[in-house]
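# Observations on the three-dimensional arrangement
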Amino acid sequence: MIASACFTTLLFLLLSQDASGAPTASATVVGRSIPIRRLNPSSQNLTLVAQQAKDQRDMLAAKYGGQSLQRRGSGYNLYHTFVNQTYLNSYYGTIAIGTPPVSYDVILDTGSSDLWLTSSTCGTVCGTSPTYDPAESSSFQNLSTPFEIQYGSGAVAGYIAEETVQMAGFSVAKQGFGVVNALSSAFNTNPVSGIMGLAWSPLSSTKQTPFWQTLASGGSWDSALFGVQLTRYGNVSGAAQNEPGGVIDMGYTNSSLYTGSIEYYNLVGTPQYWEINMNTLTVQGQSIDIAGVSTAIIDTGTTNIAGPASAVASIYAQIPGSQAGTGQMEGYYTYPCSTTVNVQFNFGGNTWSMSPVDFTHSQVSSTECLGAFFISSLGQGGPSWVIGDAFLKNVYSVFKYSPASVGFAALSETAIAQDGVKGAVPSPTIGAVTAATNTGAASSSMSVSVSNGPLSTLLCLWLASTLITFLFW
């Protein structure tokens with residue numbers, strides 16, 4: 001009896017200690033990471049390079065410029081990212097959607113705010129990638145709200161629905177997203193099935209709260225932010241079409257991927273894009289006139305760097321032998337591939353360097369290269385600059401919910417060592433859900449696991465020895 005009573009008491013104390021002394025359910029969710037994959041250009045064919053240059057310029061104009069910024073924000077990017085992906089660099093990751101969950105690869109885009117997936121009813125026009133089938137999910141809810149987004153080269157159409165969406169071990173119920181069932185022309189999306197917008201809710205074409213923002217605002221993350229590290233493969237001979245592309249860290253910053261401190265810059269105005277002030281730009285040691293304090297959108301969904309015509313012309317004026325592009329490459333510049341171009345950005349604190357390798361967008365002849373900086377007329381109300389992956393591959397980037405800001409840190413040797421490593425491309429997976437959030441209830445429910453740390457081990461040993469003492473008293 002004594003042994004039984006002591007066992008019961010000690011077991012209660014043990015479980016109580018694990019429940020109260022260990023981190024709480026919310027604290028156990030330190031954060032999760034998922035690997036990013038990268039689509040490489042399939043060819044350096046000049047015709048494709050020229051078409052890519054034109055499409056990227058037109059995409060930026062529709063994505064950020066002119067009227068109806070919010071309506072155009074993600075629809076155009078969805079379409080053109082897919083059309084060009086056979087020769088345009090893109091970074092994508094895996095989400096799972098539905099009940100039971102099915103995994104899909106989506107472009108990760110901090111320049112838009114909507115989640116989109118191509119529908120099973122889209123047919124051959126949506127290409128050969130896996131498509132979402134609402135009939136296979138018990139958690140699907142059709143909001144019966146049609147949408148159609150017009151842009152320079154066509155349109156995307158479909159309807160808005162709600163679903164359970166998982167990413168990096170986090171789950172959001174009733175997540176609003178766009179189900180695309182009509183496109184303006186056929187294209188091959190393989191292996192990407194959609195886009196995950198990682199900007200702010202005011203930008204959303206569907207008027208739905210972005211997945212990341214629901215998690216950040218609802219307390220599902222220990223830290224209300226996500227970090228991004230992108231790898232570089234443009235200078236690697238024999239790189240496959242799909243290569244490991246880096247990592248997205250949700251709910252924490254990965255200290256193994258950066259050194260020193262993270263320097264944060266507050267967003268400009270009400271958060272929509274990840275838009276910050278850009279103070280100075282230096283090329284070949286010469287300061288470029290950027291007309292005082294300019295603003296820059298930090299956009300993982302854009303390959304290169306877009307800026308005002310006068311500033312871009314001044315950049316290439318520092319490079320002897322540069323020439324303005326014509327035809328489809330209008331707005332771009334070519335320059336001698338033998339020239340090493342050094343670029344530094346300043347956003348209000350540290351100066352951040354961009355590798356000369358990333359200044360080269362592509363090689364157009366045996367001696368001439370196409371530069372990563374190009375002219376984009378973003379229109380009244382648009383940003384001065386759009387800074388894409390050409391710069392972001394040089395830093396560890398952090399996107400913070402509160403205070404709303406973007407942070408940069410220097411890459412660690414661990415992160416740099418991943419550049420050019422021909423590793424196995426991670427396959428789409430569905431991870432165990434660590435945190436679940438219901439958007440309708442605006443609340444979080446966390447899974448709780450019993451700690452297996454040293455304290456539990458010591459208590460178990462103490463319990464065993466105590467029981468033995470009582471049994472043989």
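Residues numbered from 1 in each chain as written. Predicted model: local features only at pLDDT ≥ 70, side-chain atom pairs only at ≥ 80, totals over all residues. Heavy atoms only, no water.

## Quick notes on the overall build of the chain
Of the regular secondary structure elements, the chain holds eleven helices and 28 strands. Each of the 473 residues in the chain was classed as buried or not, and the buried ones make up 53%. For the chain, restricting intrachain contacts to residue pairs at least 6 apart in sequence, the fraction spanning at least 24 positions comes to 75%. (Helix = DSSP H or I, 4+ residues; strand = E, 2+ residues; numbered from the N terminus. Buried < 20%, exposed > 50% of the residue type's maximum accessible area, 1.4 Å probe, protein only. Contact = heavy atoms within 4.5 Å.)

## Regarding the state of the cysteines
For the coordinates displayed, the defined rule picks out one disulfide. Between the sulfur atoms of Cys-337 and its disulfide mate Cys-369 the distance is 2.0 Å. Here Cys-337 and Cys-369 share a disulfide; its torsion about the S-S bond, 110 degrees, makes the bridge right-handed. Remark: Cys-369 occurs in strand β22 (residues 368-371) and Cys-337 occurs in the loop between β18 (333-336) and β19 (343-346); sequence separation between them is 32 residues. Owing to a relative accessible area of 27%, Cys-337 belongs among the partly exposed residues under this scheme. (Disulfide = S-S within 2.5 Å.)

## As for the sheet that holds strand β16 (residues 305-307)
Spatially, the five strands line up as an open sheet ordered β12-β15-β24-β16-β23, and their pairing is mixed. Among the strands making up the open sheet, the edge pair consists of β12 (275-278) and β23 (373-375). When strand polarity is set aside, the average angle formed by the axes of neighbouring strands in this sheet is 30 degrees. Across three bridges, the pairing between β16 and β23 is parallel. (Pairing = 2+ DSSP bridges. Axes fitted to C-alpha atoms, helices over the stretch in contact; angles between N-to-C directions.)

## Considerations on the pairing of strand β15 (residues 294-298)
In terms of residue burial, β15 counts as a mostly covered element, since five of its five residues are buried. Taking every second residue as pointing to the same face, both faces of β15 are buried, with Ser-294, Ala-296 and Ile-298 on one and Thr-295 and Ile-297 on the other. In terms of strand pairing, β12 meets β15 through four bridges, oriented antiparallel. Note that in β15 the partner of Asn-277 across the bridge is Thr-295. The pairing of β15 with strand β24 (residues 385-387) spans three bridges and is parallel. Within β24, the position partnered with Ile-298 by the bridge is Ile-387.

## Let's talk about the packing of aromatic side chains
As enumerated under the stated definition, the model contains 30 aromatic pairs in all. Aromatic pair Tyr-132 and Phe-140: ring centres 6.2 Å apart, planes at 50 degrees, arrangement tilted. Seen in terms of ring centroids, Trp-212 and Trp-274 are 5.4 Å apart; in terms of plane orientation they differ by 45 degrees. Their pairing is tilted. Placement of Trp-212 in helix α6 (residues 211-217) and of Trp-274 in the loop between β11 (258-266) and β12 is noted, with a sequence separation of 62 residues between them. When sorted by exposure, Trp-212 lands in the same class as Trp-274, which is buried. By the ring-pair criterion, three or more aromatic residues cluster together here, those being Tyr-265, Tyr-316, Tyr-333, Tyr-335, Phe-345, Phe-347, Trp-352, Phe-359, Phe-373, Trp-385, Phe-391 and Phe-408. One Lys or Arg, Lys-400, reaches over the ring of Tyr-264 and ends 4.5 Å from the middle of that ring. (Phe/Tyr/Trp six-rings, centres within 6.5 Å; stacked < 30°, edge-to-face > 60°. Lys NZ or Arg CZ within 6 Å of the ring centre and 35° of its normal.)

## Let's talk about the sheet that holds strand β17 (residues 323-324)
Here four strands make up an open sheet; going across it, the order is β17-β18-β22-β21 and the pairing antiparallel. Whereas interior strands pair on both sides, the edge strands pair on one side only; in this sheet they are β17 and β21 (360-363).

## Let's talk about the nonpolar core
One finds Phe-345, Phe-373, Trp-385 and Phe-408 to be the most contacted residues of the largest nonpolar core, which totals 76 residues. By size, the runner-up hydrophobic cluster in this structure holds 13 residues, among which are Cys-122, Val-125, Cys-126 and Val-180. (Core = buried A, V, L, I, M, F, W, Y, C linked by side-chain atoms within 4.5 Å.)

## Remarks on the environment of Pro-271
Summarising the element assignment, Pro-271 is placed in the loop between β11 and β12. On a C-alpha basis, the gap between Pro-271 and Trp-200 in space is 6.3 Å, while along the polypeptide they are 71 residues apart. Once residues within four sequence positions are removed from consideration, Pro-271 is found in contact with Trp-200, Pro-202 and Ala-404.

## Focus: the environment of Thr-334
Note on placement: Thr-334 falls in strand β18. Separated by 37 residues in the primary sequence, Thr-334 and Gly-371 place their C-alpha atoms 5.9 Å from one another. Apart from residues lying up to four places away in sequence, Thr-334 is in contact with Gly-321, Ser-322, Gln-323, Val-364, Glu-368, Cys-369 and Leu-370.

## What about the confidence of the model for the chain?
Fine structural detail should not be taken from predicted coordinates in areas where pLDDT scores are low. Looking at the chain, pLDDT values average 76 and 64% of them are 70 or higher. Note that pLDDT drops below 50 for residues 1-29; the model gives that stretch 35 contacts with residues more than four away or on any other chain. For residues 440-473, every residue scores under 50 in pLDDT, and the model assigns this stretch 42 contacts once sequence neighbours within four places are set aside. (pLDDT = per-residue confidence, 0-100.)

## Here's the deal with unusual backbone geometry
A cis amide bond, omega 0 degrees, links Thr-99 with the succeeding residue Pro-100. Examined against the element boundaries, Pro-100 turns out to sit in the loop between β2 (90-97) and β3 (102-109). Positioned with a positive phi, Ser-144 is a non-glycine residue whose angle comes to about 55 degrees. Summarising the element assignment, Ser-144 is placed in strand β5 (residues 141-151).

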